[in-house]
Amino acid sequence: MRPQRYHPLVMLFELGRLIKNSAIAAFYLFVLQWQSTSAFVFYGRIIFYFIFGISLMAIIQRWLTKRYELDEHAFQLYKGLLKQTKQSIPYSKVQNHSQHTSFVHRMLHVTSLRFETGISGEDAAVVFKAITKAEAARIIERVTGSDEAQDEQLNASSHQEDAAHEGIHAPARLHGEQAGGRSACNVNLSEVRDKDEEAAPNNISVAQNRSTRTIHFQPTRKDTIKASFTSLSFLVLIPLLVSFYFKLNDMFHVEQEAEGLANQVLSSWWLTIIISLALIALSLAFGMVRTYLLYGKYEISSDDSHIYIVRGILNESSFSIAKDKVQAVEIKQPLMKRLLGLAEVKLTSAGDLSLEDAKLSSSSLYPYLPVQQAYAMIQEILPAYELSNMMQKLPKASLWSRLARPSWVFIIALGALLYFTPSWFGFHGWWWVLAAVLLISIILTRILDYRNARYVMNQRFIQFRTGSWSTQMFISKREKVIEVKVARNPIQRWLGLATIETTNRSKPIYHASIQDVPLEQAIAFFEWYKGRANEIKLTD
């Protein structure tokens, strides 16, 4: 095919970004200072017009000069007016691809498409900011060499049809629940193909393309409510209201009226209770709606070669990564999630895993999975990865190494307390009380870090668990580790310990380490890594 220009709507989306980036300056110059006659505002408006005009012409120039071409093996990208450049990106370098359809995209019947590669630099990704769904499907099929493109093209319609069937709408479960003699964790779409054909004969091909996929997870209403509380989304409304008040006060000077209204409310206890309850209910509802818009239409599925993540209500996003491109797996448990028995599973890839213009990283399978369900899902989605429950503890010498290590946070805080010597409520000895509390918290954190630390090297796999109040587990295959490192500080040399570290390809490069393992295990770690030479294949 000949090189072709990008979709003309690309200019519209770039214009929207330009307006968004210049909104603050425009608001100040033309709204807040609209009656100003100062030289600063006058010349500021001239500079604004000049920069905005140049940026507008640059948008048109980029669209006219940038082209793309898809041959049998690579993207061919062209750009430049006076100095033309050509970039060739082989399809084999593509690590994953994501598709994002915002509300504006849906109104204009287009979508955005992004291919991430393992190539470094600012041009590592091939991005189509606006493209028709048919063209996106054709490109995905060309790059991946599979029929999954038709899924991307008709993703929204197929989701609506899938939700109509109880067997698919039922969320995935890994707690041993059975439905009709089979686990509800895996719902194979081939079982409902006949129903799909009756309900939507025009989309038979979509159902057939999805027939090889297995749905591992779809959140229930209970999962969404739990996610809204765990993520503390309901607290977002309070700073939004405060920010709105200050902006309103800057524009209309309502501070005196608001102060009088606040005094009137506080003087009536029953009115205070009603308003407080209303704010709490509004905050909870806001948090649930916000969480639902993010996770309400979440789906994790896979086939023999790829993992698929679909999410979003107003803004739809889909993500696909080849299983053999996964470099490592992380299981994260912040303190709140540990208390509720939840975990977040994240995938590490050589390409950037975040969706364009999306706040949620698509590398996360789902941020609020029950722990046992998360472990089982990893083994189902990535059977090539082995997750071991029998991990080795650190020796007692590791605890003494952690406790003997100096804490710069404590040293700096102690110096500040000695200098300022805070005095509250007539008591002048607060400095040593705060220093004691800080010291106890540091000691307790290091004890928890020692107790939570685990590791195992199991033939072709390595697994770490680290953290104190929050924990994270790292699992990777030996062939995916590109570098290992062993380090020893003076305390570790004295106690016969070492720190081992692995490096995996990612953006940025991903490092995982565990401190204070026995020296003999560090030596065995090097011997373990030498076996990688028998597992990797070198190509020209």
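Residues numbered from 1 in each chain as written. Predicted model: local features only at pLDDT ≥ 70, side-chain atom pairs only at ≥ 80, totals over all residues. Heavy atoms only, no water.

### Regarding helix 10 (residues 221-230)
Selection criterion: Using a 1.4 Å probe on the protein chains alone, a residue whose accessible area is under 20% of its type maximum counts as buried, one over 50% counts as exposed, and one in between counts as partly exposed. Numbering of helices and strands runs from the N terminus; a helix is a DSSP stretch of H or I covering at least four residues, while a strand is a stretch of E covering at least two. Taking the helix axis as origin, the arc is that swept by the directions to the C-beta atoms.
Within helix 10 the residues assigned to the buried category are Asp-223, Thr-224, Ala-227, Ser-228 and Thr-230. All buried residues of helix 10 lie within an arc of 165° about the axis, which places them on one face of the element. Set apart from the buried face of helix 10 by more than 90 degrees, the exposed residues are Arg-221 and Lys-222.

### Structural notes on the sheet that holds strand 22 (residues 481-487)
For clarity, the cut-off: Pairs of strands are assigned from DSSP output, requiring at least two bridges between the strands. To get an axis, a line is fitted to the C-alpha atoms, and for a helix only the part in contact is used. The angle between two axes follows their N-to-C directions and goes from 0 to 180 degrees. Contacts are residue-level and defined by heavy atoms, with any inter-residue pair within 4.5 Å sufficient.
Read across the sheet, three strands follow the order 22-23-24 without closing on themselves; strand pairing throughout is antiparallel. The two strands at the open ends of the sheet, each matched to only one other strand, are strand 22 and strand 24 (510-518). With direction set aside, neighbouring strand axes in the sheet form an average angle of 20°. In this structure, strand 23 (residues 497-504) lies alongside strand 24, joined through seven bridges in antiparallel fashion. For Leu-497, the partnering residue across the bridge sits in strand 24 and is Pro-518. Running at roughly 110° to strand 24, helix 16 (residues 396-404) makes contact with strand 23 and strand 24 of the sheet. In this fold helix 20 (residues 519-530) packs onto strand 22, strand 23 and strand 24, with an angle of close to 160° to the strand it touches most, strand 22.

### Describing the nonpolar core
Here is the rule: Joining through side-chain atoms within 4.5 Å is the link that ties buried Ala, Val, Leu, Ile, Met, Phe, Trp, Tyr and Cys residues into a set, and such a set is a nonpolar core.
By size, the foremost hydrophobic cluster in this structure holds 34 residues, and its most contacted members are Val-329, Leu-365 and Tyr-366. Breaking this core down by element, the ones donating at least two residues are strand 13 (306-311), strand 14 (316-322), strand 15 (326-333), strand 16 (342-349), helix 15 (371-381) and strand 21 (471-477). Residue contributions to this core peak at six residues, all from helix 15. In contact with Leu-365, other than residues within four places in its own chain, are Tyr-298, Ile-300, Ile-307, Ile-309, Val-345, Leu-347, Met-377 and Ile-381. Formed by 22 residues, the second largest nonpolar core is a distinct cluster that contains Phe-13, Leu-113, Ala-130 and Ile-140.

### Observations concerning the sheet that holds strand 1 (residues 4-5)
Judged by pairing direction, the sheet is antiparallel, and its four strands sit side by side in the order 1-2-3-4 without closing on themselves. Every interior strand has two partners, whereas the edge strands, strand 1 and strand 4 (85-90), have only one. Of the pairings in the sheet, the one linking strand 2 (residues 67-70) to strand 3 (residues 74-79) comprises four bridges and is antiparallel in character. Within strand 3, the residue paired with Glu-69 across the bridge is Gln-76. Sitting on the sheet, helix 4 (residues 133-144) is in contact with strand 1, strand 2 and strand 3, with an inclination near 50° to strand 2.

### Examining the pairing of strand 13
In terms of residue burial, strand 13 counts as a mostly covered element, since six of its six residues are buried. The two faces of strand 13 match: His-306, Tyr-308 and Val-310 on one face and Ile-307, Ile-309 and Arg-311 on the other face are all buried. By the bridge criterion, four bridges tie strand 12 (residues 299-302) to strand 13 in an arrangement that is antiparallel. Counterpart to Ser-301 in the pairing with strand 13 is Tyr-308. Where strand 12 hands over to strand 13, the hairpin turn is made up of three residues, counted between the paired strands.

### Section: helix 16
Within the sequence span of helix 16, burial applies to Ser-398, Leu-399, Ser-401 and Arg-402. Buried residues of helix 16, seen end-on, are gathered within an arc of 160° and therefore sit on one face of the element. Residues of helix 16 that are exposed and point over 90 degrees away from its buried face: Lys-396 and Trp-400. On its buried side, helix 16 packs onto helix 18 (430-452), helix 19 (490-495), strand 23 and strand 24.

### Some points on the packing of helix 17 (residues 408-420) against helix 18
When two helices pack together, their arrangement is given by the angle between their axes and by how far apart the axes lie. For the record, the criterion: For classification, angles of less than 35 degrees are called roughly parallel, those exceeding 145 degrees roughly antiparallel, those between 65 and 115 degrees roughly perpendicular, and all remaining angles oblique. Here the term charged refers only to Asp, Glu, Lys and Arg, the term nonpolar to Ala, Val, Leu, Ile, Met, Phe, Trp, Tyr, Cys and Pro, and the term polar to all other amino acids, Gly among them.
The N-to-C vectors of helix 17 and helix 18 enclose an angle of 175°; their axes lie 10 Å apart at closest approach. Taken together, the axis directions place helix 17 and helix 18 in an arrangement best described as roughly antiparallel. In this structure, helix 17 contributes Val-409, Phe-410, Ala-413, Leu-414, Leu-417 and Leu-418 to the contact, and helix 18 contributes Trp-431, Leu-434, Ala-435, Leu-438, Leu-439 and Ile-442. Tallied by class, the residues present in the contact of helix 17 with helix 18 amount to twelve nonpolar, no polar and no charged.

### Overview of a nonpolar patch on the surface
What counts, and what does not: What makes a patch is a set of residues exposed beyond 30% relative accessible area and free of salt bridges, joined within 9 Å when like-charged and within 5 Å when nonpolar (Val, Leu, Ile, Met, Phe, Trp, Tyr). Using a 1.4 Å probe, the Shrake-Rupley method yields the accessible areas, and only the shown protein chains count as cover for residues. What makes a salt bridge here is a side-chain nitrogen of Lys or Arg within 4 Å of a carboxyl oxygen of Asp or Glu, nothing more.
Residues Leu-12, Phe-103, Val-104, Met-107, Leu-108, Val-289, Tyr-292, Leu-293 and Leu-314 make up a contiguous nonpolar surface patch of roughly 810 Å² in combined accessible area. Listing elements by their share of the nonpolar patch, those giving two or more residues are helix 3 (103-108) and helix 13 (269-295). Residue contributions to the nonpolar patch peak at four residues, all from helix 3. For Phe-103, the position within the fold is in helix 3.

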